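# Results of the structural survey
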Amino acid sequence: MSGVLVIEDDDRIRLSLVLALEDEGYTARGAATAEEGLAAQRAQAADTVLVDLMLPGIDGFECIRQLRRVDDVPIVVVSARDDTHDIVAALEAGADDYVVKPVAIKELSARLRALRRRARPVTLDPVPVLTFGDLEVLPEAGEVRVGGAAVSVTRTEFQLVCELAEHAGRVLSRQQLLQRVWGYDGGDERLVDVHIGRLRAKIEKDSGAPRHLVTVRGLGYKLLPS
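The sections below set out a description of the structure shown in this document. This is a predicted model, so every value here is computed, not measured.

## Structural notes on the overall build of the protein chain
Regarding its fold elements, the protein chain presents eight helices and eleven strands. Against the compact-globule benchmark of 17 Å for 226 residues, the protein chain has a radius of gyration of 18 Å, which places it among compact chains. Evaluated residue by residue, the protein chain yields a buried proportion of 48% over its 226 residues. Excluding contacts between residues fewer than 6 apart, the proportion of contacts in the protein chain whose partners are at least 24 apart in sequence is 56%. Where the 29 positive side-chain charges of the protein chain centre and where its 36 negative ones centre are 3 Å apart.

## A look at the nonpolar core
What tends to happen in soluble globular proteins is that the nonpolar side chains get buried as a cluster. In terms of nonpolar packing, the biggest core is built from 54 residues, with Val51, Ile64 and Leu164 touching the most fellow members. Ranked by size, the runner-up nonpolar core spans 15 residues in total, among them Val6, Ala28, Val76 and Val78.

## Some points on the sheet that holds strand 8 (residues 143-146)
In space, the four strands of this open sheet follow the order 6-7-8-9, with antiparallel pairing throughout. Across the chains shown, the open sheet's two edge strands, defined by having one partner strand only, are strand 6 (130-132) and strand 9 (149-150). Taken together, the two bridges between strand 8 and strand 9 define a ladder with antiparallel strand orientation. Note on strand 9: the bridge partner recorded for valine 146 is alanine 149. Strands in contact with helix 6 (residues 155-166) are strand 6, strand 7 (135-138) and strand 8; relative to strand 7, the strand with the most contacts, it is inclined by about 105°.

Reading guide: rules and limits
Residues numbered from 1 in each chain as written. Predicted model: local features only at pLDDT ≥ 70, side-chain atom pairs only at ≥ 80, totals over all residues. Heavy atoms only, no water. Helix = DSSP H or I, 4+ residues; strand = E, 2+ residues; numbered from the N terminus. Rg over C-alpha atoms; globule rule 2.2 N^0.38 Å. Buried < 20%, exposed > 50% of the residue type's maximum accessible area, 1.4 Å probe, protein only. Contact = heavy atoms within 4.5 Å. Lys, Arg positive; Asp, Glu negative; His and termini not counted. Charge placed at Lys NZ, Arg CZ, Asp CG, Glu CD. Core = buried A, V, L, I, M, F, W, Y, C linked by side-chain atoms within 4.5 Å. Pairing = 2+ DSSP bridges. Axes fitted to C-alpha atoms, helices over the stretch in contact; angles between N-to-C directions.

In structure tokens:
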């Protein structure tokens, strides 16, 4: 199974997570600081990174931002901080998911498996390019373009726009998107809202007045056909 890097300053928690993940069949290693974790990821990239927010030196938010600048590796925050502001800030920094301590290892393993499935190539439709005005989605190539220029998106953002593109013109609820993109039967809808906001910032000329990816109040989101 995939390799997991655990960035956690508490020695006891870090070791217990590494051992528990190994029991689940993962190859896991730990780092006590963000600096150590970033260096470890550069030296030998893990398939998934777990990050605590309260780290000495560079904190978890900045660690996520630095990882995201150079890597689209799935990032899961594992933190005791469960305030809405902290969760949203971590997701906006670039995290794909957020798990609150104490961690149930079976739940964490299920989320990691969902992230693995999401990282596989998307095979939605044989049509090579899905076009929505100046927005183009290329599922087979793993690309998103606006005005002909490639846009850098994370794996989660790409899976999200592909799902909406496949169902263009149809409203998908937050729970439907959680199930189809994250692989969760139920869950925190803030995951969807924050990723939609990040995606809009990349594909819309004015994310405050979107022309492609719109909200249908009380129902969910849809991508408008061209």
